[in-house]
Amino acid sequence: MHDKQDESLAVLIEEFLTARATRKPSPHTLAAYRRDLHAVAALVAETPPLALDSVSITDLSPRVMRAAFARFAAPRSPASVHRAWSTWNSFFTFLVADGFVAGNPMPAVGRPRALLPQPKPLRGADTPEVLLASAARDDGRQRDPWPERDVAVLAVALCAGLRLSELLALRVDSLGGRPGERRVEVAGKGGRPRVVPIEADLDRVLLDYLDSRVRRFGSRSVRPDSAFLVDRRGEPLRRGGLQYLVESCYRRAGIGDRVPRGARLHALRHTFATRLAEDGASAAEIMRLLGHASLASSQTYIEVTAGQQRDAVRANRTNRALAGLVPPG
């Protein structure tokens, strides 16, 4: 155990974040860790009123943490509270491992049950097809149309199920294999790599995009280590640019009302998974293709699809003809 058990909480939070940074989390994940740690720490410091630098790690008893989390939870969703609880649990695990505290008080702090997020695919049976057809058209309203690139972005999300961060991480040499056995190598969430098969039609779309890129910027623009997705100046696409691109494709296709709120680009990935489930893929297959860490996450697509199937059966008007055939029991 360290001699300085009164080490400042603020200092230890920064040490923890530095340690987590070696795992290469996304900037958004690291920012969420910092936000959750400081939000709860600020509530600890309020009773009695203290500056955060004055709060010692020895002040964080189970009783104090329960009170702070009760106040933290009041205005927040269960998902936000669960995330903060997990962050603090990891923080105390770090402190125990480094000998700053003897034990982790978080098991004594209640937490809401983590609810798996429900899939949010594009609505409408033909929406993916409408979206792709619209993107493939040379829209005269665009200042510098690049339909090959726009179709490639939508197609790889709809037919390979990549996340936004995974799309941005693609390199030209991420696409490999012989014709008929093509695949894309994905740097997945949490550092978990995976390989997604590429069918012939998607392969042609992606090669057509790379050919158009050579015409625009020259052959040096498609070196193996070059970013796979680029903007109209040939620079690697960034998060905001990719989000804007997909939003503009939605607008041009006139399908804004079919895109679930809060799942703009992610709706393409959810559409990929939902269609897999509708066509009979197992949860294990969906898990491998999407790069989920848990089978439960993949199972939600199966369950949602089953619900949609039941709704479709219920809508069959022949069912209503059965109502009077059998007397109630």
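Keep in mind that this is a model prediction, so the values were computed, not measured.

J.: Tell me about the packing of helix α5 (residues 127–136) against helix α6 (residues 147–160), residues and numbers included.
T.: Closest axis-to-axis distance for the α5/α6 pair is 8 Å, and the angle between their directions is 160 degrees. Put simply, α5 runs roughly antiparallel to α6. Within the contact between the two elements, α5 uses Pro128, Leu131, Leu132, Ala135 and Ala136 and α6 uses Pro147, Asp150, Val151, Leu154, Ala155 and Leu158. Looking at the contact of α5 with α6 residue by residue, the class counts come to 10 nonpolar, no polar and one charged.

J.: Go over the packing of aromatic side chains, please, and point to the residues and values.
T.: Two descriptors summarise a pair of aromatic rings, namely the distance from one centre to the other and the angle between the planes of the rings. For the structure shown, the criterion picks out 10 aromatic pairs. When the centroid spacing of 5.5 Å and the interplanar angle of 65 degrees are considered together, the rings of Phe16 and Phe91 count as edge-to-face. With a gap of 75 residues between them, Phe16 in helix α1 (residues 9–21) and Phe91 in helix α4 (residues 78–97) connect regions that are remote in the sequence. The exposure classification of Phe16 matches that of Phe91, with both residues buried. Centroid distance Trp146 to Phe217: 5.8 Å. Interplanar angle 65 degrees. Geometry classified as edge-to-face. Residue Trp146 is found in the loop between α5 and α6, and its partner Phe217 is found in helix α8 (residues 200–217); the two are separated by 71 residues along the sequence. Here Trp146 falls in the buried class, since its relative accessible area comes to 0%. Three or more aromatic residues joined by ring pairs make a cluster, and in this case those are Phe16, Tyr33, Trp88, Phe91, Phe92 and Phe94. Stacked on the ring of Trp85, the Lys or Arg Arg111 has its end atom at 4.0 Å from the ring centre. Its end group placed over the ring of Trp146, Arg216 keeps NZ or CZ at 4.3 Å from the ring centre.

J.: How would you summarise the sheet that holds strand β2 (residues 183–187) if you had to cite specific residues and measurements?
T.: Across the sheet, three strands lie side by side as β1-β2-β3; this open sheet has antiparallel pairing. Each edge of the sheet is formed by a strand with only one pairing partner; in this case those strands are β1 (175–176) and β3 (193–197). Looking at chain direction, β2 and β3 are connected through five bridges and run antiparallel. The residue of β3 that forms the bridge with Val186 is Arg194.

J.: I'd like a rundown of the side chain of Arg252, residues and numbers included.
T.: Inspection of the secondary structure assignment puts Arg252 in helix α9 (residues 239–253). Classification of Arg252 by relative accessible area gives buried; the value is 15%. Each residue touching Arg252, except ones within four places of it in the same chain, is listed here: Ser134, Ala135, Asp139, Arg141, Gln142 and Asp150.

Conventions adopted
Residues numbered from 1 in each chain as written. Predicted model: local features only at pLDDT ≥ 70, side-chain atom pairs only at ≥ 80, totals over all residues. Heavy atoms only, no water. Axes fitted to C-alpha atoms, helices over the stretch in contact; angles between N-to-C directions. Helix = DSSP H or I, 4+ residues; strand = E, 2+ residues; numbered from the N terminus. Parallel < 35°, antiparallel > 145°, perpendicular 65-115°, else oblique. Contact = heavy atoms within 4.5 Å. Nonpolar A, V, L, I, M, F, W, Y, C, P; charged D, E, K, R; others polar. Phe/Tyr/Trp six-rings, centres within 6.5 Å; stacked < 30°, edge-to-face > 60°. Buried < 20%, exposed > 50% of the residue type's maximum accessible area, 1.4 Å probe, protein only. Lys NZ or Arg CZ within 6 Å of the ring centre and 35° of its normal. Pairing = 2+ DSSP bridges.

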